[in-house]
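Fold and geometry: a report
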Amino acid sequence: DWSVTGVQTCALPICLVPICLVQKDLTRLRAVTATTTLFFTAAAFTCAGLTVFAYYHLSEWFAIPLPLLSTSRTALAVVGTCLSISVMLQSFPAILSGYQRYDLLALSRVVPLVIRAVLLIVILPRTKSLITVALCVGITEVGTNLFCFCFTRRLLPVPMFQISSANWDLFREMLAYGVNT
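Note that the coordinates shown come from a computational prediction; the quantities given were computed from them, not determined experimentally.

**Details of unusual backbone geometry**
Its identity is not glycine, yet Lys 24 carries a phi of approximately 55°, on the positive side. If you trace the backbone, Lys 24 turns up in the loop between α1 (11–23) and α2 (26–61). We classify Lys 24 as exposed; its relative accessible area is 69%. Here Gln 100, not a glycine, exhibits a phi torsion of approximately 60°, which is positive. On the secondary structure map, Gln 100 appears in the loop between α4 (91–98) and α5 (102–127).

Written out as structure tokens, the structure is:
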């Protein structure tokens, strides 16, 4: 679970999804998926903003030699971009957990890890670049959550991207539940 200062915001959706499915409460299921997705989208934009801010202030915060500054900024941009995309997709592993589809969660984790290992073994000896490592790790992390997104999209009986279904009370409940778990 992705957490904000130790608050596990995915914990409640993991509990609510099976309840919604058993009760055949598609309205509540839509609210759970929309609220979690909206939260993580906002968190992703925050990550992207912090990445841009850090990109321009990197040399003020760290003593990076001038010849390495460009490479450091590029690596930061790659990691920040991949992190932002991955955070935006973070609700989908939680929804899969709620469906108790651990087989799909494992598949979405193992395939990108194998791809990452192969890429690093093949490419890294040729380039020896920090940016290569950042790209391999970042893209495969995004890939993990994209797999979860695709699996979730096929499992959900309702459209999940209806912003109008997001629920402020449910969001507060998610935060309160996350603080207590």
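And the narrative resumes.
**Notes on a nonpolar patch on the surface**
Together, Val 110, Val 114, Val 118, Ile 121 and Val 122 line one region of the surface with nonpolar side chains, adding up to about 440 Å² of accessible area. Mapped onto the elements of the fold, Val 122 is located in helix α5. Classification of Val 122 by relative accessible area gives partly exposed; the value is 42%.

**Notes on the nonpolar core**
If you look at the biggest cluster of nonpolar residues, it comprises 19 residues, and the most contacted ones within it are Leu 29, Val 32, Phe 92, Leu 96, Tyr 99 and Leu 170. Residue assignment for this core shows that the elements contributing at least two residues are α1, α2, α4, α5, α6 (130–155) and α7 (168–180). Here Leu 96 is in contact with Arg 101, Leu 104, Leu 105, Cys 148, Phe 151, Thr 152 and Leu 155, once residues within four sequence places are set aside. In terms of nonpolar packing, the next biggest core, distinct from the first, is built from seven residues, Ala 43, Ala 44, Cys 47 and Val 87 among them.

**So, the side chain of Arg 116**
Turning to its location among the elements, Arg 116 is positioned in helix α5. Since its relative accessible area comes to 16%, Arg 116 is described here as buried.

The rules we used
- Residues numbered from 1 in each chain as written.
- Predicted model: local features only at pLDDT ≥ 70, side-chain atom pairs only at ≥ 80, totals over all residues.
- Heavy atoms only, no water.
- Helix = DSSP H or I, 4+ residues; strand = E, 2+ residues; numbered from the N terminus.
- Buried < 20%, exposed > 50% of the residue type's maximum accessible area, 1.4 Å probe, protein only.
- Patch = residues over 30% accessible without salt bridge, like charges linked within 9 Å, V, L, I, M, F, W, Y side chains within 5 Å.
- Areas by Shrake-Rupley, 256 points an atom, 1.4 Å probe, with all protein chains shown as cover.
- Salt bridge = Lys/Arg side-chain N within 4 Å of Asp/Glu carboxyl O.
- Core = buried A, V, L, I, M, F, W, Y, C linked by side-chain atoms within 4.5 Å.
- Contact = heavy atoms within 4.5 Å.

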